[in-house]
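Listed below, chain by chain, are the residues.
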Amino acid sequence: MVETLIFPTTNALPPVIKQQILDFLRINYPEGFRGGNRLRDWTSTSENHPAHIVIVEHERLISHTEILWKWLAHNGFTYKAYGLSGVLTYPEFRGQGYGMQIVRAGTNYIKASDADLGMFNCHPSLKGFYYTSTDWIAMETSVTLVGDRQHPLPSDELLMMLFLTERAKSHRGDFESIPIYFGEDTW
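A short tour of the structure in this document, coming up. (Residues numbered from 1 in each chain as written. Predicted model: local features only at pLDDT ≥ 70, side-chain atom pairs only at ≥ 80, totals over all residues. Heavy atoms only, no water.)

Our next topic: the overall build of the chain. Along the backbone of the chain there are five helices and 10 strands. Against the 2.2 N^0.38 benchmark of 16 Å for 187 residues, the chain shows a C-alpha radius of gyration of 16 Å, consistent with a compact globule. Considering only C-alpha atoms, the chain reaches an extent of 45 × 35 × 30 Å along its principal axes. Within the chain, residue pairs in contact and separated by at least 24 positions form 67% of the contacts whose partners lie at least 6 positions apart. (Helix = DSSP H or I, 4+ residues; strand = E, 2+ residues; numbered from the N terminus. Rg over C-alpha atoms; globule rule 2.2 N^0.38 Å. Contact = heavy atoms within 4.5 Å.)

This is the structure:
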């Protein structure tokens, strides 16, 4: 039976599911598993408060997303920003709606949380997927800065956002016109 399960922390993940997530990430994002991280056994750092949503059948991972959050300072305000990361569907299950299902589940998780806004960066070619499957807004004019705070570099990825609270909605223009320093890297 295919099930959608939510795990509020990485520690709550059953080891067999966690290993499948790590194996997928290791193959598809090898840059995160180099050098001192080559034997990495974590999906995201605990400082980003990871929660996981998975679609499984008999403990076999079909699809996954990780929900992260952090405090984000921007233009004199601090926002509780949630985002999607680690969105994956194993190849043999693609084209069957699981990717859209996992993104909707992650989006609903964020909407039900205490987030001011949702944000994540993705390859520009994925804009249509996130835009048509959920309420995410492609922030075409936004610039996300990452890296060292003193010398950040612009990300070449597209910023996708949700504006959830009235304060976040009223400051949407700030996110469109003022570069956003996100931290060392995007989710």
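On to the nonpolar core, then. The nonpolar side chains of a soluble globular protein tend to be buried, and buried together. Counting residues in each nonpolar core, the largest one holds 21 residues, and the members touching the most others are I67, L84, I110, F120, Y130, W136 and M160. For this core, the secondary-structure elements that each account for two or more residues are β2 (51-57), β3 (60-74), β4 (77-89), α2 (98-111), β5 (117-122) and β9 (158-163). Those residues in contact with M160 that lie beyond four places of it in its chain are G118, M119, F120, C122, K127, Y130, Y131, W136, I137 and A138. Counting residues in hydrophobic clusters, the runner-up holds 16 residues, among them Y79, L117, M119 and A168. (Core = buried A, V, L, I, M, F, W, Y, C linked by side-chain atoms within 4.5 Å. Buried < 20%, exposed > 50% of the residue type's maximum accessible area, 1.4 Å probe, protein only.)

The next thing to look at is unusual backbone geometry. A positive phi angle, near 65 degrees, is found at E59, a position not held by glycine. With respect to the secondary-structure elements, E59 resides in the loop between β2 and β3. Its identity is not glycine, yet N75 carries a phi of approximately 50 degrees, on the positive side. Note that N75 resides in the loop between β3 and β4.

Read across the sheet, seven strands follow the order β1-β2-β3-β4-β5-β9-β6 without closing on themselves; strand pairing throughout is mixed. The sheet is open, and its two borders are formed by β1 (2-7) and β6 (137-138), each paired with just one other strand. Where β1 meets β2, six bridges bridge the pair, whose relative direction is antiparallel. Following the sheet pairing, V2 is matched in β2 by E57. Seen against the sheet, helix α1 (residues 15-28) touches β2, β3 and β4 and runs at an angle of roughly 75 degrees to β3. (Pairing = 2+ DSSP bridges. Axes fitted to C-alpha atoms, helices over the stretch in contact; angles between N-to-C directions.)

Looking now at a negative patch on the surface. Among the surface-exposed residues, E31, D148, D156, E157, E184 and D185 lie close enough to one another that they form a single negatively charged patch. Residue position: D185 is located in the segment after β10 (180-183). (Patch = residues over 30% accessible without salt bridge, like charges linked within 9 Å, V, L, I, M, F, W, Y side chains within 5 Å. Areas by Shrake-Rupley, 256 points an atom, 1.4 Å probe, with all protein chains shown as cover. Salt bridge = Lys/Arg side-chain N within 4 Å of Asp/Glu carboxyl O. Lys, Arg positive; Asp, Glu negative; His and termini not counted. Charge placed at Lys NZ, Arg CZ, Asp CG, Glu CD.)

The gaps of empty space that remain are located by a probe, the size of a water molecule, rolled over the atoms. Counted as a void, the largest pocket has a volume near 1500 Å³. Surrounding the largest pocket, 48 residues form its lining, Y29, S85, G86, T186 and W187 being those nearest its centre. Secondary structure elements with two or more residues in the lining of the largest pocket: α1, β3, β4, α2, β5, α3 (127-133) and β10. It is β4 that provides the largest number of residues to the lining of the largest pocket, a total of six residues. Classifying every residue of the lining of the largest pocket gives 19 nonpolar, 19 polar and 10 charged. (1 Å grid on protein atoms, 1.4 Å probe; cavity = no way out; pocket = protein on both sides within 12 Å on 5 of 7 lines; lining within 4 Å. Points joined across faces, edges and corners; volume = space filled by probe spheres on them. Nonpolar A, V, L, I, M, F, W, Y, C, P; charged D, E, K, R; others polar.)

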